[in-house]
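The primary structure of each chain is shown beneath.
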Amino acid sequence: MRKPAEVKAPEQKQELKLDKKDREIINVLTINSRTPLSQIAKLLNTSTEVINYRYNNLRKNQVITDVFAIVDPKVLGVHRYVVYLQFHALSQEKMRTIINDFLKNKYINWVIETGGKWELILMFETIYEEKYDEILESIISPIKEFLNDQMVANVKSFVHKSPRYIRDLKRKNFYKGKIRFPYDKELDSKKKEQYRIDEKDIMLLKNLHEDSRLSLTELGSRFKLSRDAVDYRIKKMIKAGLIKGFILRLNYHLLDYQYTTIMLKLRTISQQRKQEFLNYIYDDERFYALMEQIGTWDLSLMMFFTNAKDLRDFLILIKEKFSDVIHSHESVIHFDQYYFTYLCDGVVEELIERSHK
């Protein structure tokens, strides 16, 4: 069975052609992946059946790999740690075995194969800080004989933006008065409200995270809730800052983009200057996600480039523009992603246990 967020290079590269309708589907669902396809059909002056057929084809051909809710585990008190691994010479078969073993660990929430100094990056999470040593040991101990080097960092925050790496995607303002994005009012609100979640909220959150297009009716039938009750709970979780948005994930291999993490060590600067730098990065159409961490590196920028020159030009630009901000950097190219979730099974179990208490 396919794991959520699995993005793999096809064995045989097929030619990919996205026409205006395909791009519009991707464009709108990039902004809010819960948007009804009927609204896209109306926008394009075609039938809902046509848009539905095209959307299903984009999913079937793995152009769109996932539609998911962005969740902020920090609000739930989840602690996350990222682990960078470098091995001695390993066969592909042995690497597959190691990866498959990682995928069985219920506390691991991200596994991706990379190139450069580090060959695998993974992340694990728990709501209990005292479990750190135990979980890390369960990861490292079985692979000790193959390890050449390792690095662990504490993840302070993880900002996940809409994937704009198809160039010239339209911004949200373009659709004003044309598309009604679900939960727009709640998502745009700056005011946060307290909300105590229960077991049904946790499972609702996990289901929405794994498939953000599940209807209120479908979600209600899964958890014995009315459609209105599901709607109410989603609004409450958005207002509490638990749900940050609804986006999609595209297969960067098929789109000929290079998924790259740029790890940065920052100089001692004011918070205002740091925010100026972050705002500049967020506005770049190549930007996908940012991880702030405690360790060797302060920030990890996850971005999509067309080629090595695109990456080099970006590095030259930010080093010139923010020479007072950036102390040093290192780049890691991502290959296949095997798994990513905001809520791994181990954390879901912990959250449910805590809600009962």
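Quick caveat: nothing in here was measured; it's all calculated off a predicted structure.

A.B. asks: Would you explain the pattern of salt bridges in this entry?
C.D. replies: Between side chains of opposite charge, pairing is possible as soon as their charged atoms come close. According to the stated counting rule, one finds 30 salt bridges in the structure shown. The salt bridge partner of Lys-265 is Asp-298, with a shortest N-O separation of 3.9 Å. Linking Lys-265 in strand 7 (residues 258-266) with Asp-298 in the loop between strand 8 (287-294) and strand 9 (299-305), this pair joins segments that are 33 residues apart in sequence. We classify Lys-265 as partly exposed; its relative accessible area is 29%. Using a relative accessible area of 21% as the deciding quantity, one classes Asp-298 as partly exposed. A salt bridge links Arg-286 to Asp-310; the nearest nitrogen and oxygen atoms lie 2.8 Å apart. Of this pair, Arg-286 sits in the loop between helix 10 (271-282) and strand 8 while Asp-310 sits in helix 11 (residues 308-321), and the two are 24 residues apart along the sequence. The same class applies to Arg-286 as to Asp-310, namely buried.

A.B. asks: Got a minute to help me understand the sheet that holds strand 9 in this structure?
C.D. replies: Sheets are built from strands that pair by backbone hydrogen bonding, the pairs being arranged parallel or antiparallel. Strand order in the closed barrel made by the 8 strands is 2-4-3-10-7-9-8-5, with antiparallel pairing throughout. In this sheet, neighbouring strand axes are inclined to one another by 35 degrees on average, regardless of whether the strands run parallel or antiparallel. By the bridge criterion, 8 bridges tie strand 2 (residues 79-87) to strand 5 (residues 147-160) in an arrangement that is antiparallel. Within the sheet, the bridge partner assigned to Leu-85 lies in strand 5 and is Gln-150.

A.B. asks: Sorry if this is basic, but what is going on with unusual backbone geometry here?
C.D. replies: Leaving glycine out, the prevailing phi sign among residues is negative, and the prevailing peptide bond configuration is trans. Of note, the phi angle at Gln-62 is positive, near 60 degrees, even though the residue is not glycine. If you trace the backbone, Gln-62 turns up in the loop between helix 3 (48-60) and strand 1 (64-71). Owing to a relative accessible area of 28%, Gln-62 belongs among the partly exposed residues under this scheme. Despite not being glycine, Tyr-183 has its phi angle at roughly 60 degrees, a positive value.

A.B. asks: Looking at this structure, how should I read the side chain of Glu-24?
C.D. replies: Structurally, Glu-24 is set in helix 1 (residues 20-31). Residue classification places Glu-24 among the buried residues on the basis of a relative accessible area of 5%. Within the structure, Glu-24 has its side chain in polar contact with the side chain of Lys-170 (distance 2.8 Å). Beyond its immediate stretch of four places on either side in the chain, Glu-24 contacts Ile-40, Leu-43, Leu-44, Lys-170 and Tyr-175.

A.B. asks: Help me out: how do you make sense of helix 8 (residues 216-223) in this one?
C.D. replies: The α-helix advances 3.6 residues per turn, and as a result positions three or four apart in sequence lie on the same side. All of the buried residues in helix 8 are Leu-216, Leu-219, Gly-220 and Phe-223. Buried residues of helix 8 fall within an arc of 100 degrees about the axis and therefore sit on the same side. For helix 8, the exposed residues set more than 90 degrees away from the buried face come down to Thr-217 and Ser-221. Tucked into the core, helix 8 has its buried residues touching helix 7 (199-210) and helix 9 (227-239). Downstream of helix 8 by a residue or two, Lys-224 has a phi angle that is positive, lying close to 55 degrees.

A.B. asks: Would you mind going over the environment of Gln-150 with me for this structure?
C.D. replies: Relative to the helices and strands, Gln-150 resides in strand 5. The class for Gln-150 is partly exposed, based on a relative accessible area of 35%. Measuring from C-alpha to C-alpha, the distance between Gln-150 and Leu-120 comes to 9.8 Å, with 30 residues separating the pair along the chain. Setting aside its immediate chain neighbours within four residues, Gln-150 contacts Tyr-84, Leu-85, Trp-118 and Ile-140.

A.B. asks: What is the right way to read helix 1 from this model?
C.D. replies: Along its 12 residues, helix 1 runs 17 Å from first to last C-alpha, staying within 8% of the 16 Å computed at 1.5 Å per residue. Listed in full, the buried residues belonging to helix 1 are Asp-22, Glu-24, Ile-25, Ile-26, Asn-27, Val-28, Leu-29 and Thr-30. On the buried face of helix 1, the contacting elements are helix 2 (37-43), helix 3, strand 1 and strand 6 (243-250). Its side-chain oxygen placed 3.2 Å from the backbone nitrogen of Lys-21, Asp-19 serves as the N-cap of helix 1.

A.B. asks: I would appreciate a short explanation of the packing of aromatic side chains in the present structure.
C.D. replies: Note on aromatic pairs: each is described by the distance of the centres and the angle between the planes. Scanning the model with the defined rule gives 20 aromatic pairs in all. Taken together, the aromatic side chains of Trp-110, Phe-158, Phe-340 and Tyr-342 make up a single cluster linked through ring pairs. Arg-34 extends its terminal NZ or CZ atom over the ring of Phe-246, reaching a point 6.0 Å from the ring centre. One cation-aromatic arrangement involves Arg-249 over Phe-68; the distance from NZ or CZ to the ring centre is 4.3 Å.

Conventions we followed
Residues numbered from 1 in each chain as written. Predicted model: local features only at pLDDT ≥ 70, side-chain atom pairs only at ≥ 80, totals over all residues. Heavy atoms only, no water. Salt bridge = Lys/Arg side-chain N within 4 Å of Asp/Glu carboxyl O. Helix = DSSP H or I, 4+ residues; strand = E, 2+ residues; numbered from the N terminus. Buried < 20%, exposed > 50% of the residue type's maximum accessible area, 1.4 Å probe, protein only. Pairing = 2+ DSSP bridges. Axes fitted to C-alpha atoms, helices over the stretch in contact; angles between N-to-C directions. Polar contact = N/O pair within 3.5 Å; in protein donor to acceptor, adjacent residues only side chain to side chain. Contact = heavy atoms within 4.5 Å. Arc of directions from axis to C-beta. Expected span 1.5 Å × (residues − 1). Phe/Tyr/Trp six-rings, centres within 6.5 Å; stacked < 30°, edge-to-face > 60°. Lys NZ or Arg CZ within 6 Å of the ring centre and 35° of its normal.

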